[in-house]
2 protein chains.
Amino acid sequence: MQRDMPNPSVFFVSDGTGITAETFGNAILAQFDVHPHRVRLPFVDTVDKAHRAVERINHAARNEGRPPIVFITLVNADVLHVIRECSGLVLDMFTTFIEPLETAFGIKSNHRIGQFSEVTSSSRYADRMDAINFALMHDDGQSSRNLALADVILVGVSRSGKTPTSLYLAMQHGVRAANYPLIPEDFSRMSLPSALVPHRTKLFGLSIAPERLSAIRTERKPGSNYASLPNCVEEVAEAERLMRREGIRWLSSTHKSIEEIATTILQLIRPDRLEY
Amino acid sequence: MQRDMPNPSVFFVSDGTGITAETFGNAILAQFDVHPHRVRLPFVDTVDKAHRAVERINHAARNEGRPPIVFITLVNADVLHVIRECSGLVLDMFTTFIEPLETAFGIKSNHRIGQFSEVTSSSRYADRMDAINFALMHDDGQSSRNLALADVILVGVSRSGKTPTSLYLAMQHGVRAANYPLIPEDFSRMSLPSALVPHRTKLFGLSIAPERLSAIRTERKPGSNYASLPNCVEEVAEAERLMRREGIRWLSSTHKSIEEIATTILQLIRPDRLEY
């Protein structure tokens with residue numbers, strides 16, 4: 001019976017990094033309640049490598065007794081020709097969509113490999129690298145210098161997700177994101193750290209469910225007051241009170257991935273960054 | 001004449017973050033020699049928001065006198081229905097590929113939004129967050145503690161691209177990447193920093209063209225000996241000599257994006273990480 005068979009393996013085959021093939025394929029696979037074995041085959045940019053990729057795919061087909069699923073983003077026509085002969089179910093993003101676009105643009109596609117080959121010299125790439133340095137220099141309130149250059153300053157209690165979100169905003173969007181912790185001292189004064197006051201409009205808060213915060217802090221400092229649930233309950237309540245009082249927008253990071261947090265922040269703080 | 005008209009605007013419409021729609025669309029657009037205005041419309045998850053998205057698309061169509069290009073990744077059937085009525089050229093990744101997969105898996109798709117909604121509770125997501133903390137704690141040789149836990153330790157001269165690559169490996173692949181600078185003192189001794197010796201098999205080198213290195217360092221410290229071309233020439237030559245002598249694999253970061261560097265390193269050092 002088909003339902004007793006394991007899921008077919010999934011391959012992502014690309015003549016570049018395979019990141020696009022993987023993003024494309026995983027988004028589609030997320031629509032199914034399946035957990036297949038996934039294999040990324042990057043840099044398949046010669047006929048020889050294509051034949052080796054086909055061997056791996058066909059080997060899986062024989063082992064599993066059914067065709068693997070093969071997501072491809074290939075621009076090299078010779079490589080494409082070889083991969084298409086494999087015994088998998090080939091889902092070809094480029095071929096499918098390029099033709100209607102050729103008509104829309106009124107020009108032919110140029111079969112360039114990947115989107116990254118030329119990016120290193122682009123200003124967008126340079127912005128991303130600069131933004132990463134900025135995020136590192138302004139991580140966890142390390143430096144108040146140049147906060148005026150920040151696109152956004154994330155605030156929140158320790159371990160609310162500020163650092164990974166700042167780095168993601170920098171790496172993916174070239175956004176200069178600083179982050180600054182809200183600490184018990186700020187709560188006793190019930191006012192923002194003074195370094196932040198001139199930059200109030202750039203502030204964005206991250207909050208988090210106390211239970212989740214306590215679990216995260218416990219991994220770091222088991223048994224500490226810092227990690228204890230009562231302390232986390234209090235810090236989160238105080239931080240939310242302070243943010244509300246200061247009119248700072250915030251969201252809860254508890255059930256959101258850094259991708260979702262970053263996109264939400266962009267939409268609220270820098271909607272212009274969603275256009276380029 | 002068509003060739004005198006500007007390129008049509010490009011929209012990426014999603015009921016999630018829009019990251020997949022953007023990756024998908026940009027990979028396809030990279031096949032054309034065009035630089036259109038791009039607009040990401042994330043979180044279009046209600047019929048009301050769908051109507052507003054259609055208004056924006058139709059507005060662009062009227063202004064530009066031609067249909068915009070609309071890449072969509074929509075799982076909400078009602079939203080999809082509204083967006084399809086816009087006056088753009090709609091390229092629909094999900095609808096196109098889900099049907100053949102339903103046949104292959106022998107099950108129906110479940111119309112879930114995005115791939116991120118459930119990720120925060122997954123172990124893969126936790127690995128990524130841990131790996132980011134690891135990369136930060138082991139950035140630039142800050143700490144030699146726990147180097148044994150590293151999946152890879154990047155080495156190279158200052159500003160050769162180690163930090164962004166480490167962070168990218170962590171953020172995208174959950175790989176624990178430390179990085180450690182090679183400095184003039186190492187070159188005079190012509191031996192590895194002693195902290196690295198026990199972890200030789202995990203080392204991976206980044207080199208860089210001296211001209212590029214000098215340009216990068218000049219932005220940081222203009223006019224310094226550190227940034228001068230003769231000094232960069234010497235440091236790079238010494239670092240490559242040391243890596244060769246110690247049998248350390250390396251690649252040049254000069255013309256590679258961090259995505260390409262990271263994928264190459266995975267392939268060489270942790271090919272298992274390309275399967276999951």
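Residues numbered from 1 in each chain as written. Chains lettered and ligands numbered in written order. Predicted model: local features only at pLDDT ≥ 70, side-chain atom pairs only at ≥ 80, totals over all residues. Heavy atoms only, no water.

## Points about the domain arrangement of chain A
Next up, step 1: Domains assigned within chain A are domain 1 (2-105) and domain 2 (121-274).
Next up, step 2: For domain 1 of chain A versus domain 2 of chain A, the separation of C-alpha centres amounts to 39 Å. (Domains from an automatic or database assignment.)

## Regarding the sheet that holds strand β6 (residues 177-181) of chain B
Residues and elements named next belong to chain B.
Next up, step 1: Judged by pairing direction, the sheet is parallel, and its 4 strands sit side by side in the order β6-β5-β7-β8 without closing on themselves. Looking at which strands have only one partner, the edges of the open sheet turn out to be β6 and β8 (250-252). Between one strand and the next, the sheet's axes are offset by a mean angle of 25 degrees, whatever the strand orientation.
Next up, step 2: Pairing geometry for strand β5 (residues 152-156) and strand β7 (residues 203-207), over 3 bridges, is parallel. Opposite Ile153, over in β7, you have Leu203 as the bridge partner.
Next up, step 3: Strand contacts of helix α6 (residues 162-173): β5, β6 and β7, with the helix running at about 170 degrees to β6, the strand carrying the most contacts.
Next up, step 4: Sheet strands touched by helix α10 (residues 258-269): β5, β7 and β8. Its angle to β7, the strand with the most contacts, is close to 150 degrees. (Pairing = 2+ DSSP bridges. Helix = DSSP H or I, 4+ residues; strand = E, 2+ residues; numbered from the N terminus. Axes fitted to C-alpha atoms, helices over the stretch in contact; angles between N-to-C directions. Contact = heavy atoms within 4.5 Å.)

## What to know about the packing of helix α6 (residues 162-173) of chain A against helix α5 (residues 123-137) of chain B
Next up, step 1: For the pair α6 of chain A and α5 of chain B, interaxial distance at closest approach is 10 Å and the crossing angle is 85 degrees. On the basis of the axis angle, α6 of chain A is roughly perpendicular to α5 of chain B. On the side of α6 of chain A, the interface is formed by Thr163, Pro164 and Leu167 of chain A, while α5 of chain B contributes Met129, Ile132 and Leu136 of chain B.
Next up, step 2: Across the contact of α6 of chain A with α5 of chain B, the residue classes tally to 5 nonpolar, 1 polar and no charged. (Parallel < 35°, antiparallel > 145°, perpendicular 65-115°, else oblique. Nonpolar A, V, L, I, M, F, W, Y, C, P; charged D, E, K, R; others polar.)

## Some details on the interface of chain A and chain B
Next up, step 1: Taken together, the contact between chain A and chain B spans 92 residues of the former and 92 residues of the latter.
Next up, step 2: Counting the surface lost from both chain A and chain B, the interface buries some 7,500 Å², and carbon and sulfur atoms represent 63% of this.
Next up, step 3: At the surface where chain A touches chain B, the tally comes to 4 salt bridges.
Next up, step 4: Between Arg56 of chain A and Glu275 of chain B there is a salt bridge, with the nearest N and O atoms lying 2.8 Å from each other.
Next up, step 5: For the pair chain A and chain B, the interface holds 21 residue pairs in polar contact (both at pLDDT 80 or more).
Next up, step 6: No other element matches helix α4 (residues 93-105) of chain A, which puts 11 residues into the side of chain A that touches chain B. (Buried area = accessible area lost by both parts, 1.4 Å probe. Salt bridge = Lys/Arg side-chain N within 4 Å of Asp/Glu carboxyl O. Polar contact = N/O pair within 3.5 Å; in protein donor to acceptor, adjacent residues only side chain to side chain.)

## Quick look at helix α10 (residues 258-269) of chain A
Residue and element names in this part refer to chain A.
Next up, step 1: End to end, α10 covers 16 Å across 12 residues, agreeing with the expected 16 Å (1.5 Å per residue, within 8%).
Next up, step 2: Among the 12 residues that make up α10, 10 are buried, leaving the element largely enclosed by the rest of the structure.
Next up, step 3: For α10, the full list of buried residues reads Ile258, Glu259, Glu260, Ile261, Ala262, Thr263, Thr264, Ile265, Leu266 and Ile269. (Expected span 1.5 Å × (residues − 1). Buried < 20%, exposed > 50% of the residue type's maximum accessible area, 1.4 Å probe, protein only.)

## A short note on the side chain of Arg66 of chain A
Next up, step 1: Residue placement: Arg66 of chain A occurs in the loop between α2 (47-64) and β3 (69-73).
Next up, step 2: Here Arg66 of chain A sits buried without a salt bridge, and the closest side chain of opposite charge, Glu64 of chain A, lies 6.6 Å off (N-O distance).
Next up, step 3: A distance of 2.8 Å separates the side chain of Arg66 of chain A from the backbone oxygen of Ala104 of chain B, its partner in a polar contact. (Lys, Arg positive; Asp, Glu negative; His and termini not counted.)

## Remarks on the packing of aromatic side chains
Next up, step 1: Across all of its chains, the model carries 9 aromatic pairs over all chains by this definition.
Next up, step 2: Ring geometry for Phe97 of chain A against Phe24 of chain B: centres 5.1 Å apart, planes inclined by 70 degrees, an arrangement best described as edge-to-face. With Phe97 of chain A in helix α4 and Phe24 of chain B in helix α1 (residues 19-29), this residue pair bridges two chains.
Next up, step 3: Among the aromatic residues, ring-to-ring pairing joins Phe12, Phe24, Phe71 and Phe97 of chain A together with Phe12, Phe24, Phe71 and Phe97 of chain B into one connected group.
Next up, step 4: In this structure, Arg217 of chain B is placed above the aromatic ring of Tyr226 of chain B, and the distance from its NZ or CZ to the ring centre is 4.1 Å. (Phe/Tyr/Trp six-rings, centres within 6.5 Å; stacked < 30°, edge-to-face > 60°. Lys NZ or Arg CZ within 6 Å of the ring centre and 35° of its normal.)

## Details of the pattern of salt bridges
Next up, step 1: Taken as a whole, this structure holds 28 salt bridges over all chains when the rule is applied.
Next up, step 2: Asp272 of chain A is the partner of Arg270 of chain A in a salt bridge, and the nearest nitrogen-oxygen pair spans 2.7 Å.
Next up, step 3: When the shortest N-O distance is used, the salt bridge between Arg241 of chain B and Glu238 of chain B registers 3.2 Å. Taken together, the residues span about one helical turn, with Arg241 of chain B and Glu238 of chain B both in helix α9 (residues 229-245) at a distance of 3 residues.
Next up, step 4: For Glu238 of chain B, a relative accessible area of 19% corresponds to the buried category.
Next up, step 5: Here the salt bridges share partners, and the residues they tie into one network are Asp151, Arg270, Asp272 and Arg273 of chain A.

## Structural notes on the pairing of β5 of chain B
All names here are of chain B.
Next up, step 1: For β5, the buried fraction is high: 5 of the 5 residues fall into the buried class.
Next up, step 2: Side-chain alternation along β5 places Val152, Leu154 and Gly156 on one buried face and Ile153 and Val155 on a second face that is also buried.
Next up, step 3: Direction of pairing for β5 relative to β6: parallel, over a ladder of 5 bridges. Following the sheet pairing, Val152 is matched in β6 by Ala177.

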